[in-house]
Amino acid sequence: MSAALLIDILLWGSVFGVGLIAFRRGPPVFKASLREGSMDFINIVPRIALGVIGSGYIAAIIPQEVITGWLGPDSGWLGVATAVLAGAATPGGPVIGFSIGTVALKSGGGVPQVVAYVVAWALFAFQRVILWEIPFMPARFVWFRCAVSVPFPFVAAAIAMVIGRP
Amino acid sequence: MRKPIGWSTLVIAALVAVSAALVWRRDGTDGVLEILTHDLSLFGGILPRVLAGCLLGAFISEILPHEKVSRSLGPKSGLKGLLIGTAFGAILPGGPFTAYPVASALLAVGADFGATIAMVVSWTLIGYGRAVAWEIPIMGTDFTLWRIVISLPLPVLAGSLGRFVYVRMYPKPATKDDET
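Parameters at a glance
- Residues numbered from 1 in each chain as written.
- Chains lettered and ligands numbered in written order.
- Predicted model: local features only at pLDDT ≥ 70, side-chain atom pairs only at ≥ 80, totals over all residues.
- Helix = DSSP H or I, 4+ residues; strand = E, 2+ residues; numbered from the N terminus.
- Buried ≥ 20, exposed ≤ 12 C-beta atoms within 10 Å, placed from the backbone.
- Contact = placed C-beta atoms within 7 Å.
- Axes fitted to C-alpha atoms, helices over the stretch in contact; angles between N-to-C directions.
- Parallel < 35°, antiparallel > 145°, perpendicular 65-115°, else oblique.
- Nonpolar A, V, L, I, M, F, W, Y, C, P; charged D, E, K, R; others polar.
- Domains from an automatic or database assignment.
- Expected span 1.5 Å × (residues − 1).
- Bend = angle between axes of the 7 residues up to and from the residue.
- UniProt positions renumbered as here; feature names shortened; annotations may be inferred.
- Core = buried A, V, L, I, M, F, W, Y, C linked by C-beta atoms within 7 Å.
- pLDDT = per-residue confidence, 0-100.

- Going by an unreviewed UniProt entry, chain A carries the name Permease and comes from Bradyrhizobium hipponense.

So, in structure tokens, the structure goes:
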């Protein structure tokens, strides 16, 4: 709870800070960006609503056990590839993603595979892409960003194989 | 920012409809309503943050000098632009509700795909927000720090790959706010 409060304080503090800078450029600048931001908000709300409610249903049909199963002790590059798919398909927020990673680590999953999983989850977990990235960013950017990110969980796994355990 | 309805929205809507239908077949109306109430309360909780993110994005795009941004983060900004994007993503406070509106604002004021990719990837892989709030408590400090060290080169690499592919896919400068 306190982490959420800290996030809100930082967030609104930043809004206040940049708002102040805009205000010092003159009230018209301030008013224009206030209007712009509010319009963006109004336009985005339906898409966020679809994302929040929608990803709940998508998450409900992908049980967590399926994801955990994909992160078995399968070593080597096949295991890395499965881990990347599992990261992309993991439903829910950070608690679920990291918990699955921890479980995999404790139940004999290889370290490079778990690193690939965590990095893939961070780069393109479908829920974050649907819920946050697509509503806020130009669609073309999102698909492009996801496509060029595909090699990097594998790069992270390769680095992990070279430098060894934590 | 984007038009309210695009093909991405339609694809997601279709996906949601199918998933909701599957949940209904498995768990009945109660199952569907249970998820709906849970997600509606979640939605209510994040709305203020979404508003803050939108305002942050709007103010930033208003106060940032456009020509300076396109010089330091534009297509010709080189490695330096990718490093600035990476640093910016790493220090950005808040969660996805700030990262994406701010990234969108940067795109609008002249950053290229490469620098923006570096920023988004840096935020998600080496940003401290999620690491401190979730990864360290759940996965432990050792794993988290080690994972971040491994991730350090990735934002610049992803940004470079983005630039490399972008100039080959879209030889002419693309128009703004296009949605294909």
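That covers the picture; the talk isn't over yet.
**Digging into the overall build of chain A**
Line of reasoning, step 1. Each helix and strand in chain A was counted, giving nine helices and zero strands.
Line of reasoning, step 2. Secondary structure elements of chain A, listed N to C terminal, follow the sequence α-α-α-α-α-α-α-α-α.
Line of reasoning, step 3. Along the three orthogonal principal directions, the C-alpha set of chain A runs to about 60 × 35 × 35 Å.
Line of reasoning, step 4. Going through the 166 residues of chain A one by one, you find that 47% of them count as buried.
Line of reasoning, step 5. Taking as baseline every contact in chain A between residues at least 6 positions apart, the subset at least 24 positions apart corresponds to 76%.

**Here's the deal with the overall build of chain B**
Line of reasoning, step 1. Within chain B, the secondary structure is distributed over eight helices and zero strands.
Line of reasoning, step 2. Tracing chain B from N to C terminus, the helices and strands come up as α-α-α-α-α-α-α-α.
Line of reasoning, step 3. Long-range pairs, those at least 24 residues apart, make up 79% of the contacts in chain B with a sequence separation of at least 6.

**Description of the packing of helix H2 (residues 27–60) of chain A against helix H7 (residues 126–136) of chain A**
Residue and element names in this part refer to chain A.
Line of reasoning, step 1. The geometry of H2 relative to H7 is characterised by a closest axis approach of 9 Å and an angle of 170° between their N-to-C directions. The orientation of H2 relative to H7 falls into the category roughly antiparallel. In this structure, H2 uses Ile44, Arg47, Ile48, Gly51, Val52, Gly54, Ser55 and Ala59 to contact H7, whose residues at the interface are Gln127, Ile130, Leu131, Pro135 and Phe136.
Line of reasoning, step 2. Taken together, the residues that form the contact of H2 with H7 break down as eight nonpolar, four polar and one charged.

**Topic: the domain arrangement of chain A**
Line of reasoning, step 1. Split into domains, chain A comes out as domain 1 (2–43) and domain 2 (62–163).
Line of reasoning, step 2. Just the C-alpha atoms count here: the centres of domain 1 of chain A and domain 2 of chain A sit 33 Å apart.

**Section: helix H1 (residues 7–63) of chain B**
Line of reasoning, step 1. A rise of 1.5 Å per residue sets the reference length of H1 of chain B, with its 57 residues, at 84 Å; its end C-alpha atoms lie only 32 Å apart and thus fall more than 12% short of the reference.
Line of reasoning, step 2. Asp27 of chain B marks where H1 of chain B bends most, by close to 125°.

**Brief notes about the interface of chain B and chain A**
Line of reasoning, step 1. Every contact between the two is made by 73 residues of chain B and, on the other side, 66 residues of chain A.
Line of reasoning, step 2. Breaking the side of chain B that touches chain A down by element, the ones donating at least two residues are H1, helix H4 (96–108), helix H5 (113–126), helix H6 (128–139), helix H7 (141–151) and helix H8 (154–169) of chain B.
Line of reasoning, step 3. Residue contributions to the side of chain B that touches chain A peak at 30 residues, all from H1 of chain B.
Line of reasoning, step 4. Here the side of chain B that touches chain A is built from residues that sort into 47 nonpolar, 15 polar and 11 charged.

**Regarding the environment of Phe41 of chain A**
Line of reasoning, step 1. Note on placement: Phe41 of chain A falls in helix H2.
Line of reasoning, step 2. Considered as a pair, Phe41 of chain A and Phe124 of chain A are 83 residues apart in the sequence and their alpha carbons are 24 Å apart.

**Here's the deal with the UniProt feature "transmembrane region" (unreviewed entry) in chain A**
Residues and elements named next belong to chain A.
Line of reasoning, step 1. Sequence positions flagged by UniProt for "transmembrane region" (unreviewed entry) are, in local numbering, residues 6–23, 44–63, 75–98, 110–130 and 142–163.
Line of reasoning, step 2. Helix makes up 100% of residues 6–23 and strand 0%. Its end C-alpha atoms lie 25 Å apart.
Line of reasoning, step 3. For the annotated span residues 44–63, helix accounts for 85% and strand for 0% of the residues, and the straight-line distance between the end C-alpha atoms is 29 Å.

**Looking at the nonpolar core**
Line of reasoning, step 1. Residues Ala116, Tyr117 and Val119 of chain A are the most contacted members of the largest nonpolar core, which totals 83 residues.
Line of reasoning, step 2. A per-element tally of this core places helix H6 (residues 111–124) of chain A first, with 11 residues.
Line of reasoning, step 3. Shared between two domains, this core takes at least three residues from each, and those domains are domain 1 (2–43) and domain 2 (62–163) of chain A.
Line of reasoning, step 4. Once residues within four sequence positions are removed from consideration, Tyr117 of chain A is found in contact with Leu71, Ala83, Ala86, Gly87, Gly101 and Ala104 of chain A.
Line of reasoning, step 5. Core analysis: the second largest hydrophobic core is formed by five residues, Tyr57, Ile58 and Ala59 of chain A together with Ala20 of chain B among them.

**Section: the environment of Gly93 of chain A**
Line of reasoning, step 1. Its location among the elements puts Gly93 of chain A in the loop between helix H4 (76–89) and helix H5 (94–106).
Line of reasoning, step 2. Each C-alpha atom of the pair Gly93 of chain A and Gln127 of chain A lies 7.8 Å from the other, and the pair is 34 residues apart in sequence.

**Observations concerning the packing of H6 of chain B against H7 of chain B**
Residue and element names in this part refer to chain B.
Line of reasoning, step 1. Interaxial distance between H6 and H7 falls to 6 Å at its minimum, and their mutual angle equals 125°. The angle between the axes of H6 and H7 places the two elements in the oblique class. Side by side, H6 and H7 meet where Ala131, Glu135, Ile136 and Met139 of the first sit next to Thr141, Phe143, Thr144 and Ile148 of the second.
Line of reasoning, step 2. The residue makeup of the contact of H6 with H7, split by class, is five nonpolar, two polar and one charged.

**A closer look at the confidence of the model for chain B**
Residue and element names in this part refer to chain B.
Line of reasoning, step 1. Model confidence for chain B is summarised by a mean pLDDT of 88, while 92% of its residues fall at 70 or above.
Line of reasoning, step 2. The secondary-structure element of chain B with the lowest mean pLDDT is H6, recorded at 87, while H5 shows the highest, at 96.
Line of reasoning, step 3. The complex prediction reports pTM at 0.86, with the ipTM value standing at 0.87.

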